Amino acid sequence: MHSELKSKTIHAAGWSFIEAIGARLIQFVIGIILARLLLPEQYGFIGMLTIFFAVAQTFIDSGFGAALIQRKSITEKDTSSIFYFNILIGIITAGCLCGIAPWVADFYNQPVLSPLLRVMSLVMVINAFSLVQNILLTKAIDFKAQTKVTLIASILSGIIGIGMAWQGFGVWSLAAQQLSDAALRGILLWIFNSWRPEWLFSFQSLREMFGFGSKLLASGLLNTIFDNIYLIVIGKLFSPADLGFFTRANNLQQFPSQTLSRMVSRVAFPVFSSIQDDPGRVRRGMKKALTIIVLLNFPLMIGLAVVARPLVIVLLTEKWLPCVPYLQLLCLVGLLFPLHLINLNVLQALGRSDLFLRLEIIKKILVILNISITWHWGITVMIMGQIIISLLSYYLNAYYNKFLLDYSIWEQVCDLYPYLFNALIMAGVIYALYYLPVLGPFKLLISQVLLGGFVYLLLCQMGDRKSVV
């Protein structure tokens, strides 16, 4: 069984890597093209609505998705009941979004948001039909089909969005991209997954899973609201263009950090869940997951902070230069994001959703304190507060694993600091290239990327041969 699980995990990790890198790269390229065609304030309009869709999507999941994955054995009654429940919730959430649309437009003083929110609420209904299909593939650690779905949907929806932006549809091109992406994903998931719901519904099944899922639902709602609370504050207190700059900087930062996190954690959670009765194996698996992710994430995030200016000029043009300082600071937030995720994956896999919820409540109180203190000084200071919150959150997320797995935050730091040290040396080397006045933005960017990659790999090779194997 151990050999079979290891083989299955390696196979799944390979497909997860292809999906994470391929899909994110496609979305990144499409986002760059759209950013060149559209204005910062048009991205700001979508940013203003992001929290409403994120909260609605959390309700559609209702914590049952994670409960299906964590549960060792499930029945047809379980899956069918969740399927029909999700559809009901999807319709209700879409109706709620349509109902509050005028108030949202009034809150931001942006009339275009009302029709935009109503049209995009259809995404909630579409997603509800495909959630169980996607969860079952994840539980089976089958990412091959999911990879095909993600890549095809991303490419086709991107073409639709770019085409509409080219024709001058403005913010509606972003709405069309999201709608078509949801629709294509739903259709393809039904094609690639043979599971079909039966005419079964059981409140007992829902109640049994809701004990675990309800805590994750509460945690998910807290996390979703507070992950997007900065968009609300910036959208309300600053201009749509300012929010557009922040959104674009955040998207650039999330491209490497969340790609790697998604790739590792979506494999780690079902794998950790399958071996939850063996803390020793979970500990070894967690250590390996953390090592793999920081080997890549540390140099990517620190390097991105250094090359931010020429990168923005080359990819987005100079009209997006105000987002550079935001991007550089947000990279420090993204530096720790994968570490949060792996530690929380372990708590979920071990069935400790109570601890998960407790941690989320504490961290959200810290976010409120940050916003209350920093918003007076502007967006830059607010992001600096985010960095401090990220450091404190890492300590909190890792705290309970000292007792559950005998793997403390100090042990984690000792395992990971060599990669941070190497990434910082690399950053110093490539920063020196700014003092060469003969290099334009494009040549400077290419030189920094190539030199940075060479220096980091060389340092890892010199420090620990296993790091680059």
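Predicted model only: the values in this text are computed from it and were never measured. (Residues numbered from 1 in each chain as written. Predicted model: local features only at pLDDT ≥ 70, side-chain atom pairs only at ≥ 80, totals over all residues. Heavy atoms only, no water.)

## Considerations on the overall build of the protein chain
Link 1 in the chain: Within the protein chain, the regular secondary structure consists of 19 helices and zero strands.
Link 2 in the chain: In the protein chain, buried positions account for 54% of the 469 residues.
Link 3 in the chain: Contacts spanning at least 24 positions in sequence make up 83% of the contacts within the protein chain whose residues lie at least 6 apart.
Link 4 in the chain: Summed over all atoms, the accessible surface of the protein chain reaches about 20,900 Å², with 69% contributed by carbon and sulfur. (Helix = DSSP H or I, 4+ residues; strand = E, 2+ residues; numbered from the N terminus. Buried < 20%, exposed > 50% of the residue type's maximum accessible area, 1.4 Å probe, protein only. Contact = heavy atoms within 4.5 Å. Areas by Shrake-Rupley, 256 points an atom, 1.4 Å probe, with all protein chains shown as cover.)

## Considering the confidence of the model for the protein chain
Parts of the model with low pLDDT should not have their predicted coordinates read in detail.
Link 1 in the chain: Here the protein chain averages 85 in pLDDT, while 90% of its residues score no lower than 70.
Link 2 in the chain: Per-element mean pLDDT across the protein chain ranges from 68 in helix α3 (residues 64-70) up to 95 in helix α5 (residues 113-120).
Link 3 in the chain: In the predicted structure, residues 465-469 sits below a pLDDT of 50 and forms seven contacts with residues beyond four places in sequence or in another chain. (pLDDT = per-residue confidence, 0-100.)

## Description of the packing of helix α6 (residues 122-139) against helix α8 (residues 171-192)
Link 1 in the chain: For the pair α6 and α8, the least separation of the axes is 9 Å and the interaxial angle reads 35 degrees. Judged by the twist between their axes, the crossing of α6 over α8 is left-handed. For the pair formed by α6 and α8, the contact residues are Leu122, Val123, Ile126, Asn127, Phe129, Ser130, Gln133, Asn134 and Leu137 on the first element and Gln178, Leu179, Ala182, Ala183, Gly186, Leu189 and Trp190 on the second.
Link 2 in the chain: Classifying every residue of the contact of α6 with α8 gives ten nonpolar, six polar and no charged. (Axes fitted to C-alpha atoms, helices over the stretch in contact; angles between N-to-C directions. Left-handed = near helix turned anticlockwise from the far one by under 90°. Nonpolar A, V, L, I, M, F, W, Y, C, P; charged D, E, K, R; others polar.)

## A look at the pattern of salt bridges
Two side chains with opposite charge may pair up if their charged atoms get near one another.
Link 1 in the chain: Enumeration over the complete set of coordinates arrives at three salt bridges.
Link 2 in the chain: Measuring nitrogen to oxygen at the nearest pair gives 3.2 Å for the salt bridge that ties Glu411 to Arg283. In this pair, Glu411 is assigned in helix α18 (residues 409-431) and Arg283 in helix α12 (residues 279-306), connecting sequence segments 128 residues apart.
Link 3 in the chain: Under the relative-accessibility criterion, Arg283 is labelled partly exposed at 24%. (Salt bridge = Lys/Arg side-chain N within 4 Å of Asp/Glu carboxyl O.)

## Comments concerning the nonpolar core
Link 1 in the chain: Core analysis: the largest hydrophobic core is formed by 129 residues, its most contacted members being Leu113, Phe246, Val312 and Leu339.
Link 2 in the chain: Per-element tally for this core: the top contributor is helix α14 (residues 324-349), with 15 residues.
Link 3 in the chain: Beyond its immediate chain neighbours, meaning those up to four positions away, Val312 contacts Leu252, Thr317, Trp320, Leu321, Cys323, Val324 and Leu327.
Link 4 in the chain: By size, the runner-up hydrophobic cluster in this structure holds five residues, among which are Leu137, Val149, Leu188 and Leu189. (Core = buried A, V, L, I, M, F, W, Y, C linked by side-chain atoms within 4.5 Å.)

## Some remarks on the state of the cysteines
Link 1 in the chain: All chains considered together, the criterion is met by zero disulfides.
Link 2 in the chain: Summary of cysteine pairing: Cys96 is not part of a disulfide, and the nearest cysteine sulfur, belonging to Cys98, is at 9.3 Å.
Link 3 in the chain: For Cys96, a relative accessible area of 46% corresponds to the partly exposed category. (Disulfide = S-S within 2.5 Å.)

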